[in-house]
Amino acid sequence: MLGTPVLRIDGALKVSGGAMYAADLNLPNLAYGVLLCSTIAKGRIASIDARDAAAQPGVLQIITYANCPPLHQPAKPISSQGQSLVPLQSADIAYYGEHVGIVVAESFEAAAAGADLVEITYAPANAPPVLMPGKPLKAAGGARDTTWGNPNAALAKAPIKIDQIYSTPYEHHNPIEPPTTTASWDGDELTLHDGTQWLAGVRMMVAALLGIPPANIRVLSPFVGGSFGSKRVVWPHVYLAAVAAKLVNRPVRLSVSRSQMYTTLGYRPQTTQQVTLGSARDGRLLVFRHTASSTTSEFDSVIEPASAKTGMMYACPNGTFARKLQRVDLGTPTTMRAPGEATGFFALECAMDELAYATKIDPLKLRLLNYANVDPMSKLPWSSKSLKECYAQGAAKFDWKKRSAAPRSMRQGQWLLGWGMASAAYPVNRSPASASVTIVADGRVLVASGTHEMGGGTYTAMAAIAADALGQDISAIQVELGDSNLPATTVSGGSRTINSIGPAVEAAAMQVLDKFVGFAIADPDSPLHGAQASDVRAINGRLQLEGQPMRADRFTQILARNKLPSLSASASTAPSTAATKYSAYGFGAHFAEVRVDPELGEIRVSRYVAAFAAGRIINPLTARSQLIGGIIGGIGMALLEESAIDQNVGTFATRNLVDYRIPVHADVPPIEVLLLPEEDSVTSPLGTKGVGELGIVGAAAAVANAVFHATGQRIRDLPITPEKILSRGIQSARRGG
Ligand code: MOS
């Protein structure tokens, strides 16, 4: 039954090293590429001396702008293009880490040794690179401000106002798998092994850049070793691998190193957000205003839509949001872990906490007071919303009612204790998708879709959905995914994988079932002969007449009697137009406890409870795991993660997992995730909403609000570090004295 916890069907393969990630692949005659990256932030290449490198044993080819074939900059933007700047086309340098060459060799070691010997000199631009946002803010191209009601008039009259600036730093995704592309040509046909979240996106983008038909490209991505948005769009190493393979006339593997990952795969841009709330004295919101600016590169306008995602959260008659972009001399930013929601809800949910103190209303009560029964922006009804239950159950589990309201009023030994909460919401995204189901004469059931496994549990969910529809045990199901030759689907981004492919898998399974039933009822040798098709059920691995377990037929017997090797069906599904009449979100509530050492400023998250309602849950085991992963991302965002800038070098100073801090086990308490049952008939026939990103939304605010409750320090610029706690604590004490 769907909703029963199932162990990952690919788990054993993964822990035993049997899962083939892109860099595990061994092809005959494989050559290895190492990327050369610019060590200045802006300027030009003055000279390249590759003579020593070329003389290095094993070096096959050194590719620079001087000999790289021209690549076709797409005339129209392509949605899977990571950055519009195509490297190796000129001597110009736009950002630190821009690719300036590839050394291809017989072995990785020879390529790395060769790369060390390439002498590149640069003529840096006179002006220093701009790496941090400045003023004035530029309005985003094409983005219009959105307003409902009359926010200015409402603000003028509101008796209680909160008006604050919140900021989030540059952040990097840090998946454990460094991306690798292995490219091999067979005549005009190109095969790319690439740990991508978007098979079709790679195909589209590489076809455009190389000027070859998409049909000539096959993309394979059976496993993605984490991504968090970094492998959603196509970055230059992907197509450069294909260029290198063509030039050396051999398969080439091009891996991005750990430190290169910080300059070549995008990042979460810095955001500066102004949130203005106006309320009546009883806490009812009268006006909501959110302006967010984010940084982008000089050559692309990629926005972190922090302000565009928050207006749906609370009932408020007047509101407005605005988006602005600021250009910096870095590579192009990209989607990262709930892009927009994660950053926007940090600001919104902290501002709501501030309003709770200003109105002297419990933070949870304030949210219930402003509960939105319809989407305040679109005025559409919710497809389903169980947020009240999330608040109630999360609060009960956490024991929220025992919270004493005043900051610094709760202690545990030497620790200041703080309790904070925040709401979560993430939209339901669904796209057209296809899948096929085949039942083979030997009893195997094959389920296939050109989708992706990024660690979320796609293999297992597909198997569970097919098993449920076919009345089979999950052990009978074999899943194939990660191949652009399989039935085409959508990007695995925006938490849409199961929402999109789940219905396609189910529809294909139902269609193949219909075929079997048709054969059985028409066959005089079948126990089901003459039965009504609508009375036949798929139960316990066979077809059976409703209420008559003795009248049953096996799939394998039906195939054998009809001398068929297999029967299969493919289905394509798409969102219904009825869904456009609703606003569809998954919701949740976070409750965090922190301990802060008043002497050292040390912050520990000591307890965490979160409750989510996200439609039908296919596999509670992996769904819970995804939500916990999201919350850990939120703890990182709140307390640790920051890509620091080195102005002298002109890039990120944090370019390894020592300097870039992500939470380790010691930073994470046991996290209790409550999954509330919820039915939704609008989102899809399966009623799922997606859980990939919901967990991180609001999590950083819950921790920040707990830190305020513990210390009385409102830190509005992430991450909240001991240094900030101590320095601001001392300042306020001095002011007070
Ligand atoms: Mo996701 S950050 O939409 O890949």
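Relevant structure appears above.
This is a predicted model, so every value here is computed, not measured.

Caption draft 1: Region of the structure containing the overall build of the chain. Per the secondary structure count, the chain includes 16 helices and 30 strands. The C-alpha radius of gyration computed for the chain amounts to 28 Å, which stays within 12% of the reference 27 Å derived for 737 residues, consistent with globular compactness. Projected onto the principal axes, the alpha-carbon positions of the chain cover approximately 95 × 75 × 50 Å. Across the chain, every contact between residues at least 6 apart in sequence was considered, and the portion connecting residues at least 24 apart equals 80%. For the chain, the exposed area adds up to about 28400 Å²; of that, 54% sits on carbon and sulfur atoms.

Caption draft 2: Here's a closer look at the sheet that holds strand β2 (residues 43-49). Pairing is antiparallel across the open sheet formed by three strands, whose spatial order is β4-β2-β6. Whereas interior strands pair on both sides, the edge strands pair on one side only; in this sheet they are β4 (92-93) and β6 (119-124). Sheet analysis places β2 next to β6, joined by six bridges and oriented antiparallel. Each residue of the ladder has a partner; that of glycine 43, found in β6, is proline 124.

Caption draft 3: Spatial organisation of the sheet that holds strand β24 (residues 548-554). Across the sheet, which stays open at both edges, the three strands sit in the order β22-β23-β24 with antiparallel pairing between neighbours. Two strands close off the open sheet at either side, each with one partner strand: β22 (536-539) and β24. When the angles between neighbouring strand axes are averaged without regard to direction, this sheet yields 35°.

Caption draft 4: Inspection of the pattern of salt bridges at higher detail. A complete count under the given rule lists 31 salt bridges for this structure. Residue arginine 444 is joined to aspartate 442 by a salt bridge in which the shortest nitrogen-to-oxygen separation is 2.9 Å. With relative accessibility at 32%, the residue arginine 444 sits in the partly exposed group.

Caption draft 5: Here's a closer look at the nonpolar core. Met313, Tyr608 and Val703 are the most contacted members of the largest nonpolar core, which totals 91 residues. The element best represented in this core is helix α8 (residues 341-359), accounting for ten residues. Beyond its immediate chain neighbours, meaning those up to four positions away, valine 703 contacts Ala592, Val594, Val605, Tyr608, Ile635, Ala638 and Leu639. Membership of the second largest hydrophobic core comes to 46 residues, among which are Ile477, Leu513, Val536 and Ile618.

Caption draft 6: Looking closely at α8. A rise of 1.5 Å per residue sets the reference length of α8, with its 19 residues, at 27 Å; its end C-alpha atoms lie 26 Å apart and thus fit the reference within 8%. Across the 19 residues of α8, 17 count as buried, placing the element largely inside the fold. One or two steps after α8, the chain reaches lysine 360, where phi turns positive at roughly 55°.

Caption draft 7: Focus on the environment of proline 269. Inspection of the secondary structure puts proline 269 in the loop between α7 (261-264) and β14 (271-279). Taking C-alpha positions, proline 269 is 21 Å from isoleucine 176, a pair spaced 93 residues apart along the chain. Non-local contacts of proline 269, meaning those with residues more than four positions away in its chain, are made with Pro169, Tyr170, Ser294, Thr295, Glu304, Pro333 and Thr334.

Caption draft 8: View of the packing of helix α5 (residues 199-210) against helix α6 (residues 236-248). At their nearest, the axes of α5 and α6 sit 10 Å apart, and the two run at 55° to each other. Taken as axis vectors, α5 and α6 run oblique relative to one another. Once α5 is placed against α6, the crossing between them reads as right-handed. Across the interface between the two elements, Val202, Val206, Leu209 and Leu210 from α5 touch Val238, Tyr239, Ala242 and Val243 from α6. Class assignment for the residues of the contact of α5 with α6 results in eight nonpolar, no polar and no charged.

What counts as what
Residues numbered from 1 in each chain as written. Predicted model: local features only at pLDDT ≥ 70, side-chain atom pairs only at ≥ 80, totals over all residues. Heavy atoms only, no water. Helix = DSSP H or I, 4+ residues; strand = E, 2+ residues; numbered from the N terminus. Rg over C-alpha atoms; globule rule 2.2 N^0.38 Å. Contact = heavy atoms within 4.5 Å. Areas by Shrake-Rupley, 256 points an atom, 1.4 Å probe, with all protein chains shown as cover. Pairing = 2+ DSSP bridges. Axes fitted to C-alpha atoms, helices over the stretch in contact; angles between N-to-C directions. Salt bridge = Lys/Arg side-chain N within 4 Å of Asp/Glu carboxyl O. Buried < 20%, exposed > 50% of the residue type's maximum accessible area, 1.4 Å probe, protein only. Core = buried A, V, L, I, M, F, W, Y, C linked by side-chain atoms within 4.5 Å. Expected span 1.5 Å × (residues − 1). Parallel < 35°, antiparallel > 145°, perpendicular 65-115°, else oblique. Left-handed = near helix turned anticlockwise from the far one by under 90°. Nonpolar A, V, L, I, M, F, W, Y, C, P; charged D, E, K, R; others polar.

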